[in-house]
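# A look at the structure
Each chain, letter by letter, is given below.
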Amino acid sequence: MRHPFDPPMDPIPSQNTQTRQKDPKERQHRSLPGRIFSRIVIALLVTLGFSYWMAWDAKEPLTEDPGHIQDGVYYLYKGSSLAKAPGLYACTPEQKPALVVSAKDYLLDTSVPCWDVNHHGLYFIDNGTDSIYRMDLDTRSVTQFYTRSAEAYQTDLSLTGLHLYDDHIVLQRRMSQTTDYLTLDCATGQVLDQSKEPPQEPTDPLPGTAAYEVQRLGLPATKEDIFYTYLDVADQWLFYITNIPKYVEGHNRSVTELWAMDIETQERHLVQDEIILHQVVTDGTWLYDCDRNTTCYQVEYNDQGIPCGLTLIEERI
């Protein structure tokens with residue numbers, strides 16, 4: 001029996017109190033593996049994300065509209081909002097695409113870039129100075145080809161279009177509500193003509209184009225359920241693809257084949273079967289196919305000089 005003057009005894013903790021006192025330590029012990037696992041997962045995701053970014057940064061694909069082949073080099077414009085280095089590129093097979101005109105150095109119209117190339121050089125409009133520049137294809141040096149006069153700087157004159165031909169170039173200029181057209185010599189830049197009327201577009205396709213040969217030879221768009229898509233002309237060859245509906249393994253599908261037709265004899269030769277092509281540019285040696293990515297092929301010829309196959313050179317350029 002306790003004496004009345006004995007010191008009071010410590011209260012006996014209840015079972016719930018004991019449990020509550022142990023819970024923090026137990027929770028800390030139990031959550032430690034979870035925290036370690038979470039940190040490992042986060043570290044892996046950061047590492048993978050960085051590796052992917054480095055790979056994408058090292059080889060950003062050219063995914064813009066088809067360009068032009070001149071002297072065996074493929075020129076095109078890349079200027080999407082995701083492009084890290086927008087501008088005009090020169091692509092040589094099996095080499096890294098070279099940025100030859102940077103949109104950071106010249107104010108190029110990103111929505112409708114005004115540029116073109118022929119054997120005289122590569123021409124482009126700089127909207128910042130309202131000038132046309134020409135790049136030498138051999139040295140890749142850039143010089144100012146045409147700029148508005150000093151008096152024009154007091155007005156709102158601007159260059160809004162460029163039409164390149166074999167030996168001359170037509171510039172579309174706009175001032176206030178009026179538009180005129182200036183014709184320059186491609187080699188010297190000398191003014192050949194000035195007119196209020198736009199250059200007369202040919203009513204018929206120009207020689208050397210697929211549309212011209214299709215019209216001249218009366219080639220069909222469809223025939224016996226075969227759909228024809230005419231791509232390009234190089235030397236004596238008109239390259240085209242056929243889409244042939246076929247019933248294969250219980251399914252209807254379309255088989256695409258690449259053909260070449262001699263535009264003189266109209267003899268047709270199968271170049272490649274079972275191939276997928278979209279927008280094609282070719283000079284007879286190299287063939288570039290443009291879609292979400294750019295793919296380069298080399299056209300192969302047999303001993304008789306007839307196109308007989310494609311060799312894949314590079315994907316996702």
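Residues numbered from 1 in each chain as written. Predicted model: local features only at pLDDT ≥ 70, side-chain atom pairs only at ≥ 80, totals over all residues. Heavy atoms only, no water.

## Quick word on the sheet that holds strand S19 (residues 286-290)
For clarity, the threshold we go by: Pairing between strands requires that DSSP locate at least two bridges from one strand to the other. Counting from the N terminus, the helices are the DSSP runs of H or I reaching at least four residues and the strands are the DSSP runs of E reaching at least two. In this description, a line fitted to the C-alpha atoms serves as the axis of each element, helices being fitted only across the stretch in contact, and the angle between N-to-C directions of two axes falls anywhere from 0 to 180 degrees.
Taken together, four strands build an open sheet; the order of strands is S18-S19-S20-S21 and the sheet is antiparallel. On the outer flanks of this sheet lie strand S18 (279-282) and strand S21 (307-314), each paired with one strand and no other. Averaged over all pairs of adjacent strands, the angle between strand axes in this sheet comes to 30°, irrespective of strand direction. Across five bridges, the pairing between S19 and strand S20 (residues 294-301) is antiparallel.

## Notes on the pairing of strand S14 (residues 226-234)
Looking at chain direction, strand S13 (residues 222-223) and S14 are connected through two bridges and run antiparallel. Counted as the bridge partner of Lys 223 is Ile 226 from S14. Hairpin connection of S13 to S14: two residues between the antiparallel strands, including Glu 224 at a positive phi of 50°.

## Here we look at the sheet that holds strand S6 (residues 121-126)
Overall, antiparallel pairing links the four strands, which are arranged S5-S6-S7-S8 in an open sheet. Only two strands of the sheet have a single partner each, and these edge strands are strand S5 (115-118) and strand S8 (142-147). For this sheet the average axis-to-axis angle between neighbouring strands, irrespective of direction, equals 25°. In terms of strand pairing, S5 meets S6 through four bridges, oriented antiparallel. Along S6, the bridge assignment pairs Asn 118 with Gly 121.

## A word on the pattern of salt bridges
The line we're drawing: In the sections that follow, a salt bridge refers to a side-chain nitrogen of Lys or Arg positioned within 4 Å of a carboxyl oxygen of Asp or Glu. For every residue, the accessible area (1.4 Å probe, protein chains only) is compared with the maximum for its type, and the residue is labelled buried under 20%, exposed over 50%, or partly exposed between those bounds.
Overall, the coordinates contain two salt bridges when judged by the stated rule. The salt bridge involving Asp 180 is made with Arg 173; its shortest N-O contact spans 2.7 Å. With respect to class, Asp 180 is no different from Arg 173; both count as buried. When the shortest N-O distance is used, the salt bridge between Glu 213 and Arg 216 registers 2.8 Å. With Glu 213 and Arg 216 both in helix H2 (residues 210-217) and three residues apart, this pair spans about one turn of that helix. Its relative accessible area of 5% is what places Glu 213 among the buried residues.

## Comments concerning the confidence of the model for the protein
Condition: For every residue, the predictor states its confidence as a pLDDT score lying anywhere from 0 to 100. For this analysis, residues touch if any pair of their heavy atoms sits within 4.5 Å.
Mean pLDDT over the protein stands at 81; residues scoring 70 or higher make up 75%. Here helix H1 (residues 15-58) is the element of the protein with the lowest mean pLDDT, 57, and strand S17 (residues 268-272) is the one with the highest, 96. Counted against residues more than four places away or in other chains, residues 52-58, with its pLDDT under 50, gives six contacts.

## Focus on the pairing of strand S4 (residues 98-102)
One ladder, built from four bridges, connects strand S3 (residues 87-91) with S4; its direction is antiparallel. Note on S4: the bridge partner recorded for Leu 88 is Val 101. Two successive antiparallel strands, S3 and S4, enclose a turn made up of six residues, where Glu 94 displays a positive phi of approximately 65°.

## Here's the deal with the packing of aromatic side chains
Cut-off, in case you're wondering: Here is the rule: rings of Phe, Tyr and Trp (six-membered ring for Trp) pair when centre to centre is within 6.5 Å. Planes less than 30 degrees apart are stacked, more than 60 are edge-to-face, and the remainder are tilted.
Scanning the entire structure with this criterion turns up eight aromatic pairs. Here Tyr 228 and Tyr 240 contribute two aromatic rings whose centre-to-centre distance is 6.0 Å and whose plane-to-plane angle is 45°, an arrangement assigned as tilted. Separated by 12 residues along the polypeptide, Tyr 228 in strand S14 and Tyr 240 in strand S15 (residues 237-248) bring together distant segments of the chain. Look at Tyr 240 and you get buried, because its relative accessible area is 2%. Taken together, Tyr 106, Phe 124 and Tyr 133 form an aromatic cluster joined through their ring pairs.

## Concerning a nonpolar patch on the surface
Here is the rule we go by: Like charges within 9 Å and nonpolar side chains (Val, Leu, Ile, Met, Phe, Trp, Tyr) within 5 Å are joined into patches, using only residues over 30% in relative accessible area that form no salt bridge. Accessible surface is estimated by sampling points in the Shrake-Rupley manner with a 1.4 Å probe; for residues, cover comes only from the protein chains shown.
On the surface, a nonpolar cluster with roughly 280 Å² of combined accessible area is contributed by Ile 36, Ile 40 and Leu 44. Looking at the secondary structure, you find Ile 36 in helix H1. Ile 36 gets classed as partly exposed once you look at its relative accessible area, which sits at 45%.

## Structural notes on unusual backbone geometry
With phi around 50°, Glu 224 is a residue other than glycine that occupies positive phi space. Considering the arrangement of structural elements, one finds Glu 224 in the loop between S13 and S14. On the basis of relative accessible area, Glu 224 is assigned to the exposed category, the value being 69%. With a phi close to 65°, Gln 266 is a non-glycine residue in the positive phi region.

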